[in-house]
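Summary of structural features
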Amino acid sequence: ELSSSHPYLAVMLGLTSNGRVLDLWRSSDYFNASLENFMARKQPNANDLQKLFAQVWWKGCSEDDGCTKDEMREKEAHLKRVVDSVEDAQCALCRRLLEAGRVPGGRGTLLGFTEWLVEKNKGITRNVPPPGLSDISVLFSVYFTLCRILFPGLRNGKDPSSPTGSPRPGFTLFSPAQLTDPADLKVRMDL
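Residues numbered from 1 in each chain as written. Predicted model: local features only at pLDDT ≥ 70, side-chain atom pairs only at ≥ 80, totals over all residues. Heavy atoms only, no water.

**Section: the overall build of the protein**
The number of helices and strands found in the protein is 7 helices and 0 strands. Shown N-terminal to C-terminal, the secondary structure of the protein runs as helices and strands in the order α-α-α-α-α-α-α. Within the span of the protein, comprising 191 residues, buried residues form 30% of the whole. Of the contacts made within the protein by residues no fewer than 6 positions apart, 64% connect residues no fewer than 24 positions apart. (Helix = DSSP H or I, 4+ residues; strand = E, 2+ residues; numbered from the N terminus. Buried < 20%, exposed > 50% of the residue type's maximum accessible area, 1.4 Å probe, protein only. Contact = heavy atoms within 4.5 Å.)

**Focus: the pattern of salt bridges**
When charged atoms on two side chains of opposite charge get close, those side chains can pair. Applying the stated criterion across every chain yields a total of 6 salt bridges. Note that R41 and E87 form a salt bridge whose closest N and O atoms lie 3.1 Å from each other. Of this pair, R41 sits in the loop between helix 3 (31–39) and helix 4 (46–52) while E87 is found in helix 5 (residues 69–100), placing the two residues 46 residues apart along the sequence. Judged by relative accessible area, E87 falls into the partly exposed class, the value being 27%. (Salt bridge = Lys/Arg side-chain N within 4 Å of Asp/Glu carboxyl O.)

**Side note on the nonpolar core**
With 21 residues, the main nonpolar core has W25, L35, L93 and F113 as its most contacted residues. Mapped by element, the contributors of at least two residues to this core are helix 1 (6–16), helix 2 (19–26), helix 3, helix 5, helix 6 (110–120) and helix 7 (136–156). The element that contributes the greatest number of residues to this core is helix 5, accounting for 6 residues. The contact partners of F113, leaving out residues within four places of it in the chain, are F31, N32, L35, E36 and V142. (Core = buried A, V, L, I, M, F, W, Y, C linked by side-chain atoms within 4.5 Å.)

**Some details on the confidence of the model for the protein**
On average, residues of the protein carry a pLDDT of 74, and 64% of them reach 70 or more. Across the protein, the secondary-structure element scoring lowest on mean pLDDT is helix 4, at 68, and the one scoring highest is helix 3, at 93. In the model, residues 168–191 has pLDDT below 50 throughout and makes 39 contacts with residues more than four positions away in sequence or in other chains. (pLDDT = per-residue confidence, 0-100.)

**Re the packing of aromatic side chains**
In this description, an aromatic ring pair is defined by two values, namely the gap between the centres and the angle between the planes. For the structure shown, the criterion picks out 5 aromatic pairs. Ring geometry for W25 versus F31: centroids 4.8 Å apart, planes at 65 degrees, classification edge-to-face. Accessibility expressed as a relative area gives 2% for F31, which makes it buried. Ring centres of W25 and F38 lie 6.4 Å apart, and the angle between their planes is 85 degrees; this geometry places the pair in the edge-to-face category. Taken together, the residues span a long stretch of sequence, with W25 in helix 2 and F38 in helix 3 at a distance of 13 residues. (Phe/Tyr/Trp six-rings, centres within 6.5 Å; stacked < 30°, edge-to-face > 60°.)

**Details of helix 6**
Among the residues of helix 6, L110, F113 and L117 are the ones counted as buried. Burial along helix 6 is one-sided: seen end-on, the buried residues are contained in an arc of 60 degrees. (Arc of directions from axis to C-beta.)

**Some words on the environment of S85**
Along the chain, S85 falls in helix 5. When its relative accessible area of 23% is taken as the criterion, S85 is described as partly exposed.

**With respect to the packing of helix 2 against helix 5**
Closest axis-to-axis distance for the helix 2/helix 5 pair is 12 Å, and the angle between their directions is 90 degrees. Relative to helix 5, the element helix 2 lies roughly perpendicular. Across from L22, W25 and R26 in helix 2, the residues of helix 5 making contact are L93, R96, L97 and A100. (Axes fitted to C-alpha atoms, helices over the stretch in contact; angles between N-to-C directions. Parallel < 35°, antiparallel > 145°, perpendicular 65-115°, else oblique.)

**Comments concerning the side chain of T145**
Topologically, T145 is positioned in helix 7. The class of T145 is buried, set by a relative accessible area of 4%. Within polar-contact distance, the side chain of T145 engages the backbone oxygen of S141 at 2.7 Å. (Polar contact = N/O pair within 3.5 Å; in protein donor to acceptor, adjacent residues only side chain to side chain.)

**What about the side chain of S34?**
Within the secondary structure, S34 sits in helix 3. For S34, the side chain forms a polar contact with the main-chain oxygen of F31, separated by 2.9 Å.

Okay, structure coming up:
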């Protein structure tokens, strides 16, 4: 199995299913830094790459030169499943934070984490970036996790938590004609 971050996310999801543990984590001083670490994407190491692409297939190769086309597609499907499992776990963790509500002092919320992350990375566009910036994979993970959480409501103005899908007042940010894909959602942050 690949050495992805999914096992760590699964443990955190298990721990935070207990409301008391979730509240303790959210009220701790290291909440933002630890959530940032859970949102990071681990770069594949040599062992991961050996398992994924020990042999490759390319158009025009014979089976003696590499692996078969079906074997290559199987490896690609496995890689996609691993990436999907990490993204699903990250999204589930962020949804759990949204559902948990506020804690005293205003810390430990997804909004508070996002504000902390933006503040931490304010100098990212400078010619000489300051030390201590987040890994770029964290920024991508947070952006696409937020898109996954917000997109069902943005698409049609319906309340995604409502069984009937009734409209939520003030919930439509874009008309359905303007937004057909999460990639269409552009977030502008003045850094």
